[in-house]
Amino acid sequence: MFVSFIALMVVIWRVSKRPRWRIRAVVYGWGACFLWSLFWALLMPMFFRGMMDSTTLAATFPDGLFAMSFLVFGWFWPAVMVGISNYRERKKREYEHV
């Protein structure tokens, strides 16, 4: 789960480097984070419902609050990634300008 989240953030970081895609990267990243959380909180436990008992499923996968928190606060991590990318680009331009 952690590795897939890092991969998602790398994709958002790469998309934010395109010209005039900073705001889109945050908005699309918000949607992607919510879909990612739905996948881990709802769909993955459904795939393993016949193979695992209910206590193992509850201990292994996050609950629905995880998905709802990404619906409300899912914009935060994409905004951080876009902010870091924008800061690095600005510093790079200032360094090349001097």
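Quick note: structure is the one above.
The structure contained in this document is the topic of the report that follows. Just so you know, these numbers come straight off a predicted model, no measurement behind them.

**Some thoughts on the environment of Phe61**
Inference 1: When you line up the elements, Phe61 lands in the loop between α3 (54-60) and α4 (64-73).
Inference 2: The buried category is assigned to Phe61, whose relative accessible area is 11%.
Inference 3: Linking Phe61 and Lys91, residues 30 residues apart in sequence, is a C-alpha distance of 40 Å.

**Quick look at the nonpolar core**
Inference 1: Counting residues in hydrophobic clusters, the biggest one holds 15 residues, and the most contacted among them are Met9, Cys33 and Trp36.
Inference 2: Going through the elements one at a time, α1 (2-16), α2 (22-47) and α4 are the ones with two or more residues in this core.
Inference 3: In terms of residues, this core owes the most to one element, α2, which gives 5 residues.
Inference 4: Ignoring anything within four residues of it in the chain, the contact list for Met9 reads Cys33, Trp77, Pro78 and Met81.

**Description of a positive patch on the surface**
Inference 1: Among the surface-exposed residues, Arg14, Lys17, Arg88 and Lys92 lie close enough to one another that they form a single positively charged patch.
Inference 2: Looking at the element boundaries, Lys92 is found in helix α5 (residues 76-97).

**Some details on unusual backbone geometry**
Inference 1: With a phi close to 60°, Arg20 is a non-glycine residue in the positive phi region.
Inference 2: You can see Arg20 is positioned in the loop between α1 and α2.
Inference 3: Judged by relative accessible area, which is 77%, Arg20 ranks as exposed.

**Thoughts on the packing of aromatic side chains**
Inference 1: All told, the structure shown has 7 aromatic pairs when counted by the stated rule.
Inference 2: Both rings, one in Phe5 and one in Phe70, keep their centres 6.1 Å apart while their planes meet at 70°; by these two values the pair is edge-to-face. Of this pair, Phe5 sits in helix α1 while Phe70 is found in helix α4, placing the two residues 65 residues apart along the sequence. Both residues of the pair, Phe5 and Phe70, count as buried.
Inference 3: With 5.4 Å between their ring centres and 70° between their planes, Trp36 and Phe70 make a pair best called edge-to-face. Pair noted here: Trp36 is in helix α2 and Phe70 is in helix α4, with a separation of 34 residues, a long-range link.
Inference 4: Its end group placed over the ring of Trp21, Arg18 keeps NZ or CZ at 5.2 Å from the ring centre.

About the thresholds
- Residues numbered from 1 in each chain as written.
- Predicted model: local features only at pLDDT ≥ 70, side-chain atom pairs only at ≥ 80, totals over all residues.
- Heavy atoms only, no water.
- Helix = DSSP H or I, 4+ residues; strand = E, 2+ residues; numbered from the N terminus.
- Buried < 20%, exposed > 50% of the residue type's maximum accessible area, 1.4 Å probe, protein only.
- Core = buried A, V, L, I, M, F, W, Y, C linked by side-chain atoms within 4.5 Å.
- Contact = heavy atoms within 4.5 Å.
- Patch = residues over 30% accessible without salt bridge, like charges linked within 9 Å, V, L, I, M, F, W, Y side chains within 5 Å.
- Areas by Shrake-Rupley, 256 points an atom, 1.4 Å probe, with all protein chains shown as cover.
- Salt bridge = Lys/Arg side-chain N within 4 Å of Asp/Glu carboxyl O.
- Lys, Arg positive; Asp, Glu negative; His and termini not counted.
- Charge placed at Lys NZ, Arg CZ, Asp CG, Glu CD.
- Phe/Tyr/Trp six-rings, centres within 6.5 Å; stacked < 30°, edge-to-face > 60°.
- Lys NZ or Arg CZ within 6 Å of the ring centre and 35° of its normal.

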